[in-house]
Amino acid sequence: YDPTQNKNEKEIVMITKEYPISVPVSFLEKTGISPETCLFFDIETTGLSWRRSHLYLLGAVFYTPEGWLQKQWFCQRPGEEKDLLEIFSSLLEQKKTLIHFNGNTFDIPYLMHKSTFYQMELNWDGATSLDLYQKLLPFKKLLGLEHMRQKDLERYLGRSREDLFSGGELISLYQEYLKTADERLLSVLLLHNREDVSEMTGLLPLLELSRLFSGSWEGTVEAQVTPDLQLLLKPAVSLSLPLDFTYDASCCQLSAHQGKLTLDIPILQDTLKYFFPDYKNYFYLPLEDRAIHKSVGAYVDKEHREKAKASTCYQKQTGQFLPQFSEEISPSFRWEYRDSCSWFLWDDKMAQDSSWCVRYFNHLLSHIFP
């Protein structure tokens, strides 16, 4: 079902193109998105300001009973802008999961402002937005990218384009087309938009990263301790990660090889401090470098005790520790009072507890890429 088929496009001079397309739907379904509700889209405009520019091209990919369809609507004159908005409105009536690249910043506000200008009502009720740019931006360092433009992500995945232009560079080409109706210019304009939308679908495998780091996966985690005191956490989860990678975080290393993940956490052998929360009820003993409760400290010579501060109200503990970023496991230990990262005592029995391994694995991932 083409949501725009009820519009009499013969009355519109604009050019329409359509092509069948293959979409990796498994990556949508893993995130709980129904293909039937999806609308991948991208717009081309003659500028960034909606007041001083106009919309001239809409590209979309959506599902029909015959399969996935890619369609484009191209304005041959600025006066067709309102017709293009009406076509988008008809798409929006049926397709409520909007998928785009940086559309939350540009495309959607632009369409909203234009519809208000024309006194049109776009039915956004029930619509949800999946901005691939915002979804993938937290993984910029992991992917080793300097920029997170759509073409940068495409190159990372080894995908190539015929299109050589940016959206901004096409503005002068469109203006030239309005004067000449040169078919070669039209082909360039359509190609850029067509690949912008089709390549969005090619980025869907990267959503596996978001699924992983959000903890929205199901499975167990195997724990292994190496002779050099490294805790290896290996989730038994099927993640179709597109490429291998290694990422060094502050307290651990995450690596992926052929879809298999390993989180490598060094076990710290050291002496750390446990800070008592109610420091006003403690004395600090400088000679012993520890705090004791006032009920006991009252019997210590006054020359060898002082009122504890938050930073001196501690006892020391020697052992093997693992890092944590919140009070996931108590008691927690630190080197100094204001350290953001804390530690807990490692016990070999923890490696045998599958639920603990899953919880700790997700805890670390959620703080590597919050």
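Everything discussed here concerns the structure shown above.
The structure presented is a predicted model; accordingly, all values stated were derived computationally and were not measured.

## Thoughts on helix H8 (residues 183-202)
The first and last C-alpha atoms of H8 sit 28 Å apart over 20 residues, in line with the 28 Å expected at 1.5 Å per residue. Counting buried positions along H8 yields 14 of 20 residues, so the element is predominantly enclosed.

## So, the sheet that holds strand S14 (residues 290-293)
Reading across the sheet, the three strands line up as S14-S13-S15 and stay open at both edges, with antiparallel pairing between neighbours. At either end of the open sheet lies a strand with only one pairing partner, and these are S14 and strand S15 (306-307). Pairing geometry for strand S13 (residues 282-285) and S14, over four bridges, is antiparallel. If you follow Tyr284 over to S14, its bridge partner there is Ala291.

## Description of the packing of helix H7 (residues 170-180) against H8
The packing of two helices is summarised by the inter-axis angle and the distance between the axes. Close contact between H7 and H8 brings their axes to 9 Å; oriented N to C, the two are set at 140°. Here H8 runs oblique to H7, going by the angle between their axes. At the point where H7 passes H8, the crossing takes the left-handed sense. Across the interface between the two elements, Leu170, Leu173, Tyr174, Glu176, Tyr177 and Thr180 from H7 touch Leu185, Leu186, Val188, Leu189 and His192 from H8. Here the residues of the contact of H7 with H8 sort into eight nonpolar, two polar and one charged.

## Focus on the pairing of strand S16 (residues 314-324)
The sheet contact formed by strand S12 (residues 268-275) and S16 spans eight bridges and is antiparallel. The residue bridging Asp270 from the neighbouring strand is Gly319, located in S16. Two strands pair when backbone bridges link them, and S16 and strand S17 (residues 342-345) are joined in this way by four bridges, in the antiparallel orientation. Residue Gln324 lies in a different strand from S17, and its bridge partner there is Ser342.

## Comments concerning the sheet that holds strand S1 (residues 15-20)
Within the open sheet, the six strands sit side by side as S1-S4-S3-S2-S5-S6. Their pairing is mixed. The sheet is open, and its two edges are formed by S1 and strand S6 (128-131), each paired on a single side. This sheet shows a mean twist of 20° between the axes of neighbouring strands, independent of strand direction. The sheet contact formed by strand S2 (residues 38-45) and strand S3 (residues 55-64) spans seven bridges and is antiparallel. Bridging across to S3, Phe41 finds its partner in Ala60. In the packing of helix H2 (residues 81-94) onto the sheet, contacts are made with S2, S3, strand S4 (67-74) and strand S5 (97-100), and the angle to S3 comes to roughly 20°.

## Focus: the nonpolar core
Within the largest apolar cluster, 63 residues are counted, with the highest numbers of intra-cluster contacts made by Phe40 and Leu263. Those residues in contact with Phe40 that sit more than four places away from it in its chain are Val23, Leu28, Gly59, Ala60, Val61, Trp68, Ile99, Val197, Met200, Thr201 and Leu204. In this structure, Met14, Trp50, Leu84 and Leu122 belong to the second largest nonpolar core, which totals 36 residues.

## Things to note about the pairing of S2
Put simply, side chains in a regular strand alternate between the two faces of the sheet. Counted residue by residue, S2 has eight buried out of eight residues, so it is predominantly covered. The alternating pattern of S2 places Cys38, Phe40, Asp42 and Glu44 and Leu39, Phe41, Ile43 and Thr45 on opposite faces, both of which are buried. In the sheet, S2 pairs with S5 via three bridges, with the strands oriented parallel. Considered in S5, the bridge of Leu39 is made with Leu98.

## Here we look at the pattern of salt bridges
For the structure shown, the criterion picks out 17 salt bridges. A salt bridge links Glu336 to Lys273; the nearest nitrogen and oxygen atoms lie 3.5 Å apart. Here Lys273 lies in strand S12 and Glu336 lies in the loop between S16 and S17, a separation of 63 residues in the sequence. Overall, Glu336 belongs to the partly exposed group, its relative accessible area being 43%. Of the charged contacts in the structure, one is a salt bridge between Lys316 and Asp289, with a shortest N-O distance of 2.5 Å. Residue Lys316 is located in strand S16, and its partner Asp289 is located in the loop between S13 and S14; the two are separated by 27 residues in the primary sequence. Under the relative-accessibility criterion, Asp289 is labelled partly exposed at 21%. A network of salt bridges, in which partner residues are shared, links Lys151, Glu154, Arg161, Asp163 and Asp196.

Rules of the game
Per-chain numbering applies: the sequence of each chain, read as written, is numbered from 1 onward. Totals for whole chains, interfaces and linings use every residue, but because this is a predicted model, local features are given only for residues with pLDDT of at least 70 and side-chain atom pairs only at 80 or more, for both listing and counting. Hydrogens and water molecules were not included; the side-chain quantities draw on all heavy atoms of the structure. Helix and strand assignments come from DSSP, with helices taken as H or I runs of at least 4 residues and strands as E runs of at least 2, each series counted from the N terminus. Helices are assigned an expected span. That span is 1.5 Å times one less than the residue count. Three exposure classes are used, based on accessible area relative to the maximum for each residue type with a 1.4 Å probe and protein chains only: buried under 20%, partly exposed in between, and exposed over 50%. Paired strands are those between which DSSP finds at least two bridges. Interaxial angles span 0 to 180 degrees and are taken between N-to-C directions of axes, which are lines fitted to C-alpha atoms, for helices over the stretch in contact. For classification, angles of less than 35 degrees are called roughly parallel, those exceeding 145 degrees roughly antiparallel, those between 65 and 115 degrees roughly perpendicular, and all remaining angles oblique. Should the near helix be turned anticlockwise from the far one by less than a right angle, the crossing is left-handed, and should it be turned clockwise, the crossing is right-handed. The contact rule is simple, with two residues in contact once any of their heavy atoms fall within 4.5 Å. Residues are grouped as follows: Ala, Val, Leu, Ile, Met, Phe, Trp, Tyr, Cys and Pro are nonpolar; Asp, Glu, Lys and Arg are charged; every other residue, Gly included, is polar. Buried Ala, Val, Leu, Ile, Met, Phe, Trp, Tyr and Cys residues that are joined via side-chain atoms within 4.5 Å together make up what is termed a nonpolar core. Salt bridge, as used here, is a side-chain nitrogen of Lys or Arg placed within 4 Å of a carboxyl oxygen of Asp or Glu.

The values are spatial; any link to function lies outside them.
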